[in-house]
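# Survey of secondary and tertiary structure
Next come the chains, spelled out residue by residue.
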Amino acid sequence: MEIRFEKSKTLKEKPDQTKLGFGKYMTDHMFVMDWDQGQGWHDARIVPLAPVELDPSCVVLHYAQETFEGLKAYRTADGKIQLFRPEMNARRMIRSNERLCMPAFPEEDFIEAITELVRIEQDWVPSEPDTSLYIRPFMFATEASLGVHMASSYKFMVICCPVGAYYETGLDPVKILVEDELVRAVKGGTGFTKCGGNYAGSILGQVKAEKMGYAQVLWLDGEERKYVEEVGTMNIMFKIGGEIYTAPIEGTVLPGVTRDSMIRLLRDWGYQVNETKLSVDDLMKAGHDGTLEEVFGTGTAAVISPVGELRYKDDVVVVNGGATGELTQKLYDTLTGIQWGRITDPYGWTRVIA
Ligand code: COI
C-alpha cells in the first residue's frame, strides 16, 4: 500500500504522562483511506489530525453503519515500541464489517497503516509505568443518502492517544451492577461485533449503574436474562472453586483479544477454563457460599480490572473481601509484563515496530 504523508505544520505539546486518563489527548496525525464501489480502497494518507467533513445526510449519522477497534503500542524499557496481537484486531474488524455490510479492510493493510502511523507518532508513545499509546481504527459509511441500504462509500481512519489507566481506580477493584432489565445483545444481532451501536445502546445501563455508585454494568443474556455475558467495556471471568468461568463466544459476546490471551495463560498454568453459560443465580450463590474466589474484567483499554463487589437486584456479594485477588494480580503482571517487554514473550504475541 502506498501511503502519502503530509506532516503537520504545528506539533502539539505532549500532556503530562502521569495525568493521561483515557482518550483525552489525540496525537498530531491520523491515517485516512477511502472506499467506493468503483475504486475499492484508495488514497491512503497520513495527514494532520483534523475534523472530518460529512454531508448531513450521510449514512453513518442516521443509521450508525460504523465499526471500530482498539489496540495499544507499548514502550519497552530499552526504548523500543511494540504492538500486541494486531492481527487479532484486523481479523475481528473484518468479521464486524461483514455483519454490518461494510467492506473488509485487508489485514496486512490494517497492520501497515497502524505501524506507519505509530512510527510517525513515536514521540507520543509514553514511557511512564502503565501508560501506552491507544490506537483507535474505525470505519464508517460516508454516502450522502437517507435510504436504508449498504452505503456506496466509506472511510477507514486511525487515530491515537497516549493513555493511562481506563478506570481512575487503576488496579483497585471496581463495583459492578448486574443489569436485570435492559439487554445488550441477542443471538443473530450485532453483539459479537465492535460497532458503535452496541455501545450507544449500553449507555442507559451505564448511567443507571453510575447513579447507584457502580462503575459498570454486567449484562445478562438477552433472551432469558439469566446468564452472565459481558461488562460495558470488557469481557468478564469468574474463579469459582478453583476453576475459571467465562461466557462462550456464541454471537452475543465480544471475542476479546485480552480474553483470548488470558485463557491461553490460564490454561498453560493448568487452570480449567470453562467457556460456558453461568447463571447469575449460580454466581450469586457462589458469592454467598464462599466458592466465588475472584472476579475480573478483561479488555484492551482496561487490561484487567478486578471486581470487588457485584450487585444483582437487592443481593450484594463482596468478592475476595473487596481486594484484588492473587490470580488476578498474576494475570495482570504476566500480561502487562509481556506487553511492555519486561517478560519474554513465549507466544509470539508482540511485534516490535520501532
Ligand atoms: C477497548 O478495550 O479497546 C475498547 O474498545 C473498550 C472501549 C469501548 C473503551
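Everything below is about the structure printed above this text.
First things first, this report covers the structure right here in the doc. (Residues numbered from 1 in each chain as written. Predicted model: local features only at pLDDT ≥ 70, side-chain atom pairs only at ≥ 80, totals over all residues. Heavy atoms only, no water.)

## Quick look at the environment of Asp260
- Inspection of the secondary structure assignment puts Asp260 in helix α6 (residues 257-268).
- Given a relative accessible area of 32%, Asp260 falls into the partly exposed group.
- As for Asp260 and Gly40, which are separated by 220 residues in sequence, their C-alpha atoms are 32 Å apart.
- Every residue in contact with Asp260, bar those within four places of it in the chain, is listed here: Arg85 and Met88. (Helix = DSSP H or I, 4+ residues; strand = E, 2+ residues; numbered from the N terminus. Buried < 20%, exposed > 50% of the residue type's maximum accessible area, 1.4 Å probe, protein only. Contact = heavy atoms within 4.5 Å.)

## Quick word on the packing of aromatic side chains
- Following the criterion strictly, the structure yields 13 aromatic pairs and no others.
- Ring centres of Trp41 and Phe105 lie 5.0 Å apart, and the angle between their planes is 85 degrees; this geometry places the pair in the edge-to-face category. Here Phe105 lies in the loop between α2 (86-99) and α3 (107-120) and Trp41 lies in strand β3 (residues 40-48), a separation of 64 residues in the sequence.
- Ring plane angle 15 degrees and centroid distance 6.0 Å describe the contact between Phe138 and Phe140, whose orientation is recorded as stacked. Take Phe138 and Phe140: they sit in the same class, and that class is buried.
- Every member of this aromatic cluster is reached through a ring pair, and the members are Phe31, Trp41, Phe105, Phe110 and Phe156.
- Between the NZ or CZ atom of Lys175 and the centre of the ring of Tyr214, over which it lies, the distance is 5.1 Å.
- The aromatic ring of Trp269 is capped on one face by Lys330, whose charged end is 4.1 Å from the ring centroid. (Phe/Tyr/Trp six-rings, centres within 6.5 Å; stacked < 30°, edge-to-face > 60°. Lys NZ or Arg CZ within 6 Å of the ring centre and 35° of its normal.)

## Digging into the site of the ligand
- Taken together, the neighbourhood of the ligand is formed by Phe68, Gly70, Tyr134, Arg136, Tyr166, Lys194, Tyr199, Thr300 and Ala301.
- Contact between the ligand and Tyr134: an oxygen atom at 2.6 Å from a side-chain N or O atom of the residue.
- Ala301 places a polar main-chain atom, nitrogen or oxygen, 2.8 Å from an oxygen atom of the ligand.
- Class assignment of the residues belonging to the shell around the ligand gives a composition of five nonpolar, two polar and two charged. (Near = heavy atom within 4 Å. Polar contact = N/O pair within 3.5 Å; in protein donor to acceptor, adjacent residues only side chain to side chain. Nonpolar A, V, L, I, M, F, W, Y, C, P; charged D, E, K, R; others polar.)

## Some thoughts on the nonpolar core
- The biggest cluster of nonpolar side chains holds 35 residues, and the ones touching the most others in it are Phe31, Val118, Ile135 and Phe156.
- Elements supplying a minimum of two residues to this core: β2 (29-36), β3, β5 (71-75), β6 (81-84), α2, α3, β7 (132-141) and β8 (153-163).
- At six residues, α3 tops the list of elements feeding residues into this core.
- Judged by nonpolar contacts, the second largest core, of 25 residues, contains Val174, Leu220, Val295 and Tyr312. (Core = buried A, V, L, I, M, F, W, Y, C linked by side-chain atoms within 4.5 Å.)

## A short note on the pairing of strand β10 (residues 216-220)
- The element β10 is largely enclosed, with a buried count of five among its five residues.
- Of the two faces of β10, both are covered, the one formed by Gln216, Leu218 and Leu220 as well as the one formed by Val217 and Trp219.
- Looking at chain direction, strand β9 (residues 174-179) and β10 are connected through four bridges and run parallel. Pairing of Val178 across the sheet is with Leu218, part of β10. (Pairing = 2+ DSSP bridges.)

## Structural notes on α3
- Given a rise of 1.5 Å per residue, 14 residues ought to cover 20 Å, and the 20 Å separating the end C-alpha atoms of α3 matches this to within 8%.
- The complete set of buried residues in α3 reads Asp109, Phe110, Ile111, Ala113, Ile114, Thr115, Leu117 and Val118. (Expected span 1.5 Å × (residues − 1).)

## Details of the side chain of His42
- Topologically, His42 is positioned in strand β3.
- Among residues more than four places away in sequence, those in contact with His42 are Met33, Asp34, Trp35 and Asp36.

## Topic: the state of the cysteines
- Evaluated as defined, the whole model comprises zero disulfides.
- Counting only cysteine sulfurs, Cys195 is the nearest neighbor of Cys101, a cysteine outside any disulfide, at a range of 12 Å.
- Judged by its relative accessible area of 42%, Cys101 is partly exposed.
- Free cysteine Cys160: the closest other cysteine sulfur is in Cys161, separated by 7.6 Å. (Disulfide = S-S within 2.5 Å.)

Fair warning: the whole summary comes from geometry, so function is off the table for now.
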